[in-house]
Amino acid sequence: MLLSGCWDKVEIDRRNFISTIAIDVGEDIGKEKELKKLNLVEPSSGINIKKINVTYGFPDMSTVGAEKSGSAQEKYINTQAYSMEDAYSEAMAKSSRDIYLGHTKLLILSSDILNHKDTVKEIVDYLQRSPSINRMIQVVVSDGPAEDYLKFKPETENNTQYYISGLMDNSDRNSRIMSMNLNELLILLSENGNALLPMISLDNERKELVLSGAAIIEDYELKGVFSPIQLINIQLLSGKFKAGKKAIYLDGHPIDYLIDGYHRKIRVVQEGNKLVINVDIKLEGQIGGYYVGKKILDEGELQKIQNAFNSSISEDLRKAMELAIKEYGIDPFGVREHIEKFNPSLWNKIEKDWKTKYKESSVNVTVDTKIRRIGATQ
Amino acid sequence: MREKKIIGDFGLFTTISVAIVGVGIFSCPREVIDKVGSDAWIVTLVAGVIICLLLQLIYTVMMKNNFEDLTNILQNTFGRILGGVFAITFAMYSIYIVSLGMREFVEVIKLYLLRRTPTEFILMTTILTGTYLVRGEIGDLVKFNEISFWLMFVPAFTVLIFTAVNADFTNLLPVLNNKPMDYLSSSKYILFCFGGIEIAYLIIPYLKNKNNSSRILRKSIMFVTFFYLVVMILVLAVFSKSQSKILLWPTITMIQSLEISGTFIENWEGIVMAFWIFFYFTTFVNTYFFSGEIVKNVFKLKDIKLSSLLLMPIIYVVALYPDNIAQLYTLQFGTTPVLLIAIFLFVILPILILLVGKNRERGGNTNET
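(A) Structural view of unusual backbone geometry. Residues and elements named next belong to chain A. The phi dihedral of Tyr-220 is positive, around 65°, even though this residue is not glycine. Within the fold, Tyr-220 resides in the loop between strand E9 (208–218) and strand E10 (221–226). Its 18 C-beta neighbours within 10 Å are what place Tyr-220 among the partly exposed residues.

This is the structure we're talking about:
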């Protein structure tokens, strides 16, 4: 009885701790439509189709040790498969060790795969169903084949996974970067199929890997991309803003406004047949930089700057919100959840034609900036 | 009837608590949230009140019958044969529910901890360990409950506090936005989660201080309700209702998705799952003992060692019977006979005992005069 736990024994040195999973389109992705017609009766014909290309990255344990410093070099197993589970067993067959997914830190989805809705749904279901996958994995979308990113060697770190995770951890201090883990993604997808995912892109000439804004996912498909500047606006509107800066030009010079306090309130009312979304945003922060010789230690002057920021930011945000609503029809702001939670009677009325109602809604954004500090000079 | 009064107040409190909190806590949030969405916590609260009343009923029955044990009460009230049949039904019902619970427990273990160990093997190990404990006296069982109470709830609450960090409590809104029928149908699941209160029949006769016990019973139900409430609210707050509906065992996934930055332990679920084993095991052992005791008394067996051996194969077979997890849940909640028996045993039977007892008293009185 004491030894009953030994049934499942795996020695630790027989395990490959996968740190990154990169998912690309396979060579047969074009057959997706054909595959849809397949049914139970003809199982074998679907098996050999290479729909996805999955690369597992894992640190080379032999380079980790007491005397060696830093993070380990990365190694890869590349598989062609028709599903994620198939990729897993394929990887098992290619590896001398037991593949262990419990310590995975990063999931890279290529932008190409996000154009194939059905395959994405299959992948999402796998990630959701599989008990061994850690739900705190960070998820990013790569511009171009995900495999390249895994093989890319950044300047400052030994492997990509460390680098990207590090970048995303900075999202607390800079809202130009967003971070998204699998748990949050699955919740968003199950709520309405909409999500924003951080996007990375590779600059081959300068050998740089950068986070370049956010991919817009709607109904499991890639609809567009927000630039980092737009992303700040979206974050401000959605209540997920952590820290960052905004700038305006005053008398020909940029003023940077570093935001460190933030509060958002959203109100939705129905006027006639139309929804009106009111967003109130309160910001607190300090001036980061202006121009030598300009004095701003003056109540009137500060008020002027605050007003300038108010109108500039609110205009900016209104445009961003209208773009998201009218052009993409996505709702990263939580408008829908807001109505559902705080105004259930309205929700019951508009639930049926929510999509059209949402697209026709008008937006008001009011911003109240407070400049609390101006730095160490006048 | 043995005149042993060995169990203290704390023993009663822990026994009731650990016997009730079982594997139901894993799946229950999904079932309830699926039906009533964000109002799940209200249903939990109401269920707690109902269970409290049922437990009060049990206590009244025991009190009116001089705190004898359940088999004696039934046989004195309904006669030897009918009383015996009722008692055996009670035992079988408990064994049936706890065996299905065992299967669910094994499925959870198999999915998260022991992937390649055969189901049968995990079943056998659990049953044998349980039998070892049941073969002891009731004093040993209560001592075990007292110890596992701390082992269960201290880690559980610690983990739950950490999960609250990522929670969004606005997910609890809107309040009371469902049809009344939905509340009714969802309360079925949560009431099953409170299964195990029959242990009061076993434990009350052995109490040192019986007058105080009604208060202790209320306290333990309040504690369990509070625990369920916390779990339910956190599941809702962490996952929102749409994701909680998808997850088979939201509570486990919630613990899995726990991230505490800066800690050296990364995958919490392994540790937590190990503690969760207690949650089921205590329910199992207590119910097993309860049924064993009834079988012993009805068939006038010498001691519980023999009756526990008789029950062992039944548990094993019932636990192995469901083909898959879907059938398991249908057997647990979806079958009307089970539901009817449950209503009969927990609501109608105690009331019947009280009524018949009263009639007999009156009858006895008229004969004397």
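There's plenty left to go through after this.
(B) Structural detail: the environment of Ile-127 of chain B. Residues and elements named next belong to chain B. Assignment of secondary structure puts Ile-127 in helix H6 (residues 119–134). Ile-127 gets classed as buried once you count the C-beta atoms within 10 Å, which come to 21. Each C-alpha atom of the pair Ile-127 and Leu-184 lies 35 Å from the other, and the pair is 57 residues apart in sequence.

(C) Representation of H6 of chain B in the model. All names here are of chain B. A rise of 1.5 Å per residue sets the reference length of H6, with its 16 residues, at 22 Å; its end C-alpha atoms lie 22 Å apart and thus fit the reference within 8%. For H6, the complete set of buried residues consists of Ile-122, Thr-126, Ile-127, Gly-130 and Val-134. Seen along its axis, H6 keeps its buried residues to an arc of 125°; they face one direction. When the buried face of H6 is taken as reference, the exposed residues oriented beyond 90 degrees from it are Glu-120, Leu-128 and Tyr-132.

(D) Looking closely at the interface of chain A and chain B. Counting residues at the interface gives 19 residues for chain A and 23 residues for chain B. Elements supplying a minimum of two residues to the side of chain A that touches chain B: helix H6 (182–192) and helix H9 (335–342) of chain A. Examining the composition of the side of chain A that touches chain B, we find that five residues originate from one element, H6 of chain A, more than from any other. A class-by-class count of the residues in the side of chain A that touches chain B yields eight nonpolar, six polar and five charged.

(E) Representation of the sheet that holds strand E13 (residues 274–289) of chain A. Residue and element names in this part refer to chain A. Read from one edge to the other, the open sheet built from four strands follows the order E11-E12-E13-E14, with strand pairing classed as mixed. Because the sheet does not close on itself, it has two edges, and the strands there are strand E11 (244–250) and strand E14 (362–373). Between one strand axis and the next, the sheet turns through 35° on average, direction left out of account. Note: E13 against E14, 11 bridges, orientation parallel. By the bridge assignment, Lys-282 is partnered in E14 with Asp-368. In the packing of helix H8 (residues 299–328) onto the sheet, the strands contacted are E11, strand E12 (253–271) and E14, and the crossing angle to E14 comes to about 145°. Lying over the sheet, H9 contacts E12 and E13, oriented at roughly 45° with respect to E12.

The rules behind the values
Residues numbered from 1 in each chain as written. Chains lettered and ligands numbered in written order. Predicted model: local features only at pLDDT ≥ 70, side-chain atom pairs only at ≥ 80, totals over all residues. Helix = DSSP H or I, 4+ residues; strand = E, 2+ residues; numbered from the N terminus. Buried ≥ 20, exposed ≤ 12 C-beta atoms within 10 Å, placed from the backbone. Expected span 1.5 Å × (residues − 1). Arc of directions from axis to C-beta. Contact = placed C-beta atoms within 7 Å. Nonpolar A, V, L, I, M, F, W, Y, C, P; charged D, E, K, R; others polar. Pairing = 2+ DSSP bridges. Axes fitted to C-alpha atoms, helices over the stretch in contact; angles between N-to-C directions.

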